[in-house]
Amino acid sequence: VLDAPNLRPYAALLGDTVVGATLVAEEGGFDTDVAEGFAAGTARPRAHALADVLAAQLGHPEAATLKIRRSVRIAVLPEVRRRGIATALVEHVHRAEPADLWGTLFGATAGLIAFRRSVGYEVAGVSASRGARTGEPSVLMLRPQSERARALLSELRVELARELPARLKLLAADDGLTVEPELAAALGEGLPAATPYTPQRAREVARAYGDGPRTFESVATAIRTFVEHRSLTDLPAPERAVVQARVVDGRSWSEAAHLGGHDNRRLAMRAQRRAIRQMLADDDGA
């Protein structure tokens, strides 16, 4: 890990003893054309996890042009926890490495979210799959330092307010487990009131999903809004069954694959993306 050229370790000492440590990754700073490639799915940033999530998965290529620092890991010895060491480490690295945007990705727990919020971070994204290590969805939290970064976070939280209920519903559909109420409350704390997608905006998001790398779960509400204003009858039967099951009914990918006659969920995902592209093409030809 420490051989990575964009990673730097920091430590907290009591005397000569290391009692806490954190890793910081230097990310972002890409040219606009390169960042647009990330959003379009024609390129992918290696070792730039935040830039990848923000540009490719959340559809904000401008984020990849920012000077980003990612808080990769932070740990404190159990016997000296709750003495402010983690907070002191976080504040130290923020002073040591000025950036437009600080962020972190981790398996969500209410306690970790509360800690990050206490040092200036806010939830900006929630995955619709559970991490293998924590068994909880991954959460993206950001701490903006510049005006551009603050504007980005504001947009992301508006989008999250629209999408979070559907994302949690789909997560439960896929694995049969609901998110604990305490965690759900932590994820949604302080979000603005959700405003519905306009038909035009839903169509724009549907095109970004159909042509690019965005996951359905990141834009499920927008895709449902787009689909609800259109007929499914012109779609081939397998694609129609998948869209009905996953988009309209919110059923699991496994059920959608079965109903569409596909062997696995990956094939169902591809079928759904094809269906959205066809619906967009039908709109364009109308």
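Here's a quick rundown of the structure. (Residues numbered from 1 in each chain as written. Predicted model: local features only at pLDDT ≥ 70, side-chain atom pairs only at ≥ 80, totals over all residues. Heavy atoms only, no water.)

## A short note on helix H7 (residues 199-211)
For H7, with 13 residues, the first-to-last C-alpha span of 18 Å sits near the 18 Å given by 1.5 Å per residue. Restricting attention to buried positions, one finds in H7 the residues Ala-202, Val-205, Ala-206, Tyr-209 and Gly-210. Each buried residue of H7 lies within a common arc of 135° when the element is viewed along its axis, so the set occupies one face. Next to the buried residues of H7 lie helix H8 (220-228) and helix H11 (265-285). (Helix = DSSP H or I, 4+ residues; strand = E, 2+ residues; numbered from the N terminus. Expected span 1.5 Å × (residues − 1). Buried < 20%, exposed > 50% of the residue type's maximum accessible area, 1.4 Å probe, protein only. Arc of directions from axis to C-beta. Contact = heavy atoms within 4.5 Å.)

## Brief notes about the packing of helix H5 (residues 147-175) against H8
At a minimum axis distance of 7 Å, the contact between H5 and H8 shows a crossing angle of 95°. With respect to H8, the element H5 is oriented roughly perpendicular. On the side of H5, the interface is formed by Arg-162, Glu-163, Ala-166 and Leu-170, while H8 contributes Ala-220, Thr-221, Ala-222 and Arg-224. By residue class, the composition of the contact of H5 with H8 is four nonpolar, one polar and three charged. (Axes fitted to C-alpha atoms, helices over the stretch in contact; angles between N-to-C directions. Parallel < 35°, antiparallel > 145°, perpendicular 65-115°, else oblique. Nonpolar A, V, L, I, M, F, W, Y, C, P; charged D, E, K, R; others polar.)

## Examining the pairing of strand E6 (residues 137-144)
E6 sits mainly inside the fold: seven of its eight residues count as buried. Taken together, the five bridges between strand E5 (residues 122-130) and E6 define a ladder with antiparallel strand orientation. Pairing of Gly-125 across the sheet is with Leu-140, part of E6. (Pairing = 2+ DSSP bridges.)

## Points about the layout of surface pockets
Space inside the largest pocket adds up to approximately 930 Å³. What lines the largest pocket is a set of 30 residues, and nearest its centre among them are Ile-74, Phe-106, Leu-112, Phe-115 and Arg-116. Of all elements in the fold, only strand E3 (67-76), helix H3 (85-96), strand E4 (101-107), helix H4 (110-118) and E6 reach the threshold of two or more residues within the lining of the largest pocket. The residue makeup of the lining of the largest pocket, split by class, is 12 nonpolar, 10 polar and eight charged. Approximately 710 Å³ is the volume attributed to the second largest pocket. Looking at the second largest pocket, it is lined by 31 residues, and the ones nearest its centre are Gln-57, Arg-214, Thr-215, Phe-216 and Glu-217. Sorting the residues of the lining of the second largest pocket by element identifies helix H2 (49-57), E5, E6, H5 and H11 as the ones contributing at least two each. In terms of residues, the lining of the second largest pocket owes the most to one element, H11, which gives seven residues. Residues of the lining of the second largest pocket, tallied by class, amount to 13 nonpolar, seven polar and 11 charged. (1 Å grid on protein atoms, 1.4 Å probe; cavity = no way out; pocket = protein on both sides within 12 Å on 5 of 7 lines; lining within 4 Å. Points joined across faces, edges and corners; volume = space filled by probe spheres on them.)

## Describing the pairing of strand E2 (residues 17-28)
Looking at chain direction, strand E1 (residues 7-14) and E2 are connected through eight bridges and run antiparallel. In the strand pairing of E2, Ala-12 is matched with Gly-20. Remark: two residues form the turn of the hairpin made by E1 and E2, two consecutive strands paired antiparallel; Gly-15 in that turn has positive phi of roughly 65°. The sheet contact formed by E2 and E3 spans nine bridges and is antiparallel. Following the sheet pairing, Leu-23 is matched in E3 by Arg-73.

## Some words on a negative patch on the surface
Where like charges cluster on the molecular surface, the negative patch consists of Asp-31, Asp-33, Glu-36, Glu-62 and Glu-155. Assignment of secondary structure puts Glu-155 in helix H5. For Glu-155, a relative accessible area of 39% corresponds to the partly exposed category. (Patch = residues over 30% accessible without salt bridge, like charges linked within 9 Å, V, L, I, M, F, W, Y side chains within 5 Å. Areas by Shrake-Rupley, 256 points an atom, 1.4 Å probe, with all protein chains shown as cover. Salt bridge = Lys/Arg side-chain N within 4 Å of Asp/Glu carboxyl O. Lys, Arg positive; Asp, Glu negative; His and termini not counted. Charge placed at Lys NZ, Arg CZ, Asp CG, Glu CD.)

## Let's talk about the environment of His-258
The topology assignment puts His-258 in helix H10 (residues 253-259). Expressed as a C-alpha distance, the spacing of His-258 and Ala-241, which sit 17 residues apart in the sequence, is 9.2 Å.

## Here we look at unusual backbone geometry
Peptide bonds are mostly trans, and most non-glycine residues show a negative phi. Even without being a glycine, Ala-47 presents a positive backbone phi close to 65°. Among the residues examined, Ala-47 registers a relative accessible area of 52% and is labelled exposed. Residue Arg-82 is not a glycine yet carries a positive backbone phi of 65°. Following the sequence through the fold, Arg-82 ends up in the loop between E3 and H3.

## Concerning the packing of aromatic side chains
Counting across every chain of the model gives three aromatic pairs. Between Phe-30 and Phe-38 the ring centres are 4.9 Å apart and the planes differ by 90°, which places this aromatic pair in the edge-to-face class. A centroid spacing of 6.1 Å and a plane angle of 75° characterise the contact between Phe-216 and Trp-253, whose relative ring orientation is edge-to-face. With Phe-216 in the loop between H7 and H8 and Trp-253 in helix H10, this pair connects stretches of sequence that are 37 residues apart. By the burial criterion, Phe-216 is buried, and Trp-253 matches it. (Phe/Tyr/Trp six-rings, centres within 6.5 Å; stacked < 30°, edge-to-face > 60°.)

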